[in-house]
Amino acid sequence: NSGSGAVKLPRDGGSAGAAGGADLWHGEVLGQHVTINHNPSEKQKEAGNYNKGAARWNGLDLSIENAKGSERRGTGRDGKEWSVTMPANYGYFRKTEGADGDHVDFYMGDTPDSDYVLIVDQADADTGAFDEHKVITGTTARGAALDLYRKGFSDGRADERIGGFTETNVAT
């Protein structure tokens, strides 16, 4: 159990604003005002050089790419644009490398002090092949964690992406 109460993730109380065409979210992380760019260009995404929130959770450094309630957007392999309203704060654990070569992604639910963790073995919805891991934190049980994960997709295919999962807890 994190117990420290040190994590203050950008949930309620943030505000959106636009500057220079960017979709900026302004809020508080660890008591500091931050700005998150929810609509970086493809080049910024590739380079990772756009505004992200920062926080610590159980001694791990987090980058918040999308605040709860923001719109996450992208383009699928089929060339169609997609978007989803984020059900939770979403980002990655810094200084990690997942099976896909990128950082390990997480969703942080509304209970960051919970020590329950669910790790989804995410599969490609078309091929069923393993894609990457998604770590669900900030929930208290399997049902809540899987519900949060499912709400992170707008195409109705979230269950096809669950290749398996592991339940664990934060080491204390």
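Quick note: structure is the one above.
Read on for an overview of the structure. Everything numeric here is computed off the predicted structure, so don't read it as measured data.

1. Topic: the overall build of the protein
Helix and strand content of the protein: 3 helices and 12 strands. Counting across all 172 residues of the protein, residues that qualify as buried make up 42%. Considering only intrachain contacts with a sequence separation of at least 6, the fraction spanning at least 24 residues in the protein is 51%. Split by element, the accessible area of the protein, about 9,000 Å² in all, is 44% carbon and sulfur.

2. A look at the pairing of strand β7 (residues 81-85)
Bridging between strand β6 (residues 71-75) and β7 involves 5 bridges; their strand directions are antiparallel. Across the sheet, G74 pairs through a bridge with W82, a residue of β7. Hairpin connection between β6 and β7: a loop of 5 residues separates the two successive antiparallel strands, and G79 in this loop has a positive phi of roughly 85 degrees.

3. What to know about the environment of A145
Checked against the element boundaries, A145 lands in helix α2 (residues 142-150). Once residues lying within four places of it in the same chain are set aside, the contact partners of A145 are Y116, L118, I136 and T139.

4. Structural notes on a negative patch on the surface
Taken together, the side chains of E97, D100, D102 and D131 make up a negatively charged region of the molecular surface. Take D131: its relative accessible area is 33%, and that puts it in the partly exposed class.

5. Quick word on the nonpolar core
Of all hydrophobic cores here, the largest spans 16 residues; its most connected members are Y107, L118, V120, I136 and Y149. When contributions to this core are tallied by element, the ones reaching two or more residues are β10 (116-123) and α2. When residues of this core are assigned to their parent elements, the largest contribution, 4 residues, is made by α2. When neighbours within four sequence positions are excluded, I136 is seen to be in contact with Y107, Y116, V117, L118, V120, A145, L148 and Y149.

6. What about the pairing of β10?
A large share of β10 lies buried, amounting to 6 of its 8 residues. Sheet topology note: the β10/strand β12 (residues 162-169) ladder contains 6 bridges and is antiparallel. Residue Y116 lies in a different strand from β12, and its bridge partner there is N169. Here 6 bridges tie β10 to strand β11 (residues 130-137), and the two strands are oriented antiparallel to one another.

7. Quick look at the sheet that holds strand β4 (residues 53-57)
Reading across the sheet, the 7 strands line up as β4-β5-β8-β9-β11-β10-β12 and stay open at both edges, with mixed pairing between neighbours. Strands at the two margins of the open sheet, each flanked by one partner only, are β4 and β12. Geometrically, the sheet is characterised by an average inter-axis angle of 30 degrees between neighbouring strands, direction not taken into account. Together, β9 (104-108), β10, β11 and β12 form the strand contacts of α2, whose direction differs from that of β10 by roughly 45 degrees.

Reading guide: rules and limits
Residues numbered from 1 in each chain as written. Predicted model: local features only at pLDDT ≥ 70, side-chain atom pairs only at ≥ 80, totals over all residues. Heavy atoms only, no water. Helix = DSSP H or I, 4+ residues; strand = E, 2+ residues; numbered from the N terminus. Buried < 20%, exposed > 50% of the residue type's maximum accessible area, 1.4 Å probe, protein only. Contact = heavy atoms within 4.5 Å. Areas by Shrake-Rupley, 256 points an atom, 1.4 Å probe, with all protein chains shown as cover. Pairing = 2+ DSSP bridges. Patch = residues over 30% accessible without salt bridge, like charges linked within 9 Å, V, L, I, M, F, W, Y side chains within 5 Å. Salt bridge = Lys/Arg side-chain N within 4 Å of Asp/Glu carboxyl O. Lys, Arg positive; Asp, Glu negative; His and termini not counted. Charge placed at Lys NZ, Arg CZ, Asp CG, Glu CD. Core = buried A, V, L, I, M, F, W, Y, C linked by side-chain atoms within 4.5 Å. Axes fitted to C-alpha atoms, helices over the stretch in contact; angles between N-to-C directions.

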